[in-house]
Amino acid sequence: DADADTSITADTDDRIDFKVGGSDIIHIANGAVSIGSTDSNPFSFTGTTNPVAINATGTNQGSQLSLAGTGTGAVAINLGNDSIRRGGIFALDGSHLTFATNNGNSGNSLTERMRIKSAGDISIQQNTSGFGNITSFGTVTLADDASVQFASGTHCGGANHIYVYETGTGSNCV
């Protein structure tokens, strides 16, 4: 670098620093990686090793992590440990976003549980028979022991309805 403002250094602090244009950009220390700051665990999440953090710098700036496949290839974030793939978030061809979990809490097999389609429709897996639209049988649990149930049938005088149910008081048709 002609003006000596870009470098990779390993000083006496047991940390590798990447400096670009005179500013420290990336730090690696004890398996932890931080970009934009020396803090690789800005939320103090306990029980972690080898964290990676992207911290915005400046005033009112955002940060971004971009994952890009090629062509119709999917992009995935897999979550788990060294022996169990516990869940995943996937961006699929057609611009659908899916969420999956490990049904048996062992191995690497995941089952899709929810899909947000590119048009905004949400599907939640009901059981082994497949998926239902959010407007068909399913329950969304809310705080304070309340839930919303989406159902179809002839209850409440209509073909489709929504129940708001609160533990101890019963349900009300909406």
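This is a predicted model, so every value here is computed, not measured.

(A) The overall build of the protein chain, seen in detail. From N to C terminus, the protein chain includes zero helices and 15 strands. The buried share of the protein chain, taken over its 174 residues, is 16%. Considering only intrachain contacts with a sequence separation of at least 6, the fraction spanning at least 24 residues in the protein chain is 2%. On the protein chain, roughly 12,000 Å² of surface is accessible, and the fraction owed to carbon and sulfur atoms is 51%.

(B) Focus on the sheet that holds strand β1 (residues 7-10). Taken in spatial order, the five strands line up as β1-β2-β3-β4-β5 in an open sheet, and their pairing is mixed. Two strands lie at the open edges of the sheet, namely β1 and β5 (52-54), each paired on one side alone. When strand polarity is set aside, the average angle formed by the axes of neighbouring strands in this sheet is 15 degrees. Two strands pair when backbone bridges link them, and strand β2 (residues 16-20) and strand β3 (residues 23-29) are joined in this way by five bridges, in the antiparallel orientation. Within the sheet, the bridge partner assigned to Ile-16 lies in β3 and is Ile-28.

(C) Inspection of the side chain of His-27 at higher detail. Among the secondary structure elements, His-27 is positioned in strand β3. Side chain to side chain, His-27 and Arg-15 meet in a polar contact 3.5 Å long. Among the polar contacts made by the side chain of His-27, one reaches the side chain of Asp-17 at a distance of 2.4 Å.

(D) Representation of the pattern of salt bridges. Under the defined criterion, the tally for this structure stands at three salt bridges. Among the salt bridges present, the one from Asp-17 reaches Arg-15, with a minimum N-O distance of 2.7 Å. Assessed through its relative accessible area of 23%, Arg-15 is described here as partly exposed. Residue Arg-115 pairs with Glu-112 through a salt bridge whose shortest N-O separation is 2.8 Å. Look at Arg-115 and you get partly exposed, because its relative accessible area is 23%. Judged by its relative accessible area of 22%, Glu-112 falls in the partly exposed class.

(E) Quick peek at the confidence of the model for the protein chain. Of the residues in the protein chain, 71% reach a pLDDT of 70 or more, and the chain-wide mean stands at 77. The element-level mean pLDDT for the protein chain is lowest in strand β11 (residues 130-133), coming to 45, with strand β7 (residues 85-92) highest at 93.

Rules used throughout
Residues numbered from 1 in each chain as written. Predicted model: local features only at pLDDT ≥ 70, side-chain atom pairs only at ≥ 80, totals over all residues. Heavy atoms only, no water. Helix = DSSP H or I, 4+ residues; strand = E, 2+ residues; numbered from the N terminus. Buried < 20%, exposed > 50% of the residue type's maximum accessible area, 1.4 Å probe, protein only. Contact = heavy atoms within 4.5 Å. Areas by Shrake-Rupley, 256 points an atom, 1.4 Å probe, with all protein chains shown as cover. Pairing = 2+ DSSP bridges. Axes fitted to C-alpha atoms, helices over the stretch in contact; angles between N-to-C directions. Polar contact = N/O pair within 3.5 Å; in protein donor to acceptor, adjacent residues only side chain to side chain. Salt bridge = Lys/Arg side-chain N within 4 Å of Asp/Glu carboxyl O. pLDDT = per-residue confidence, 0-100.

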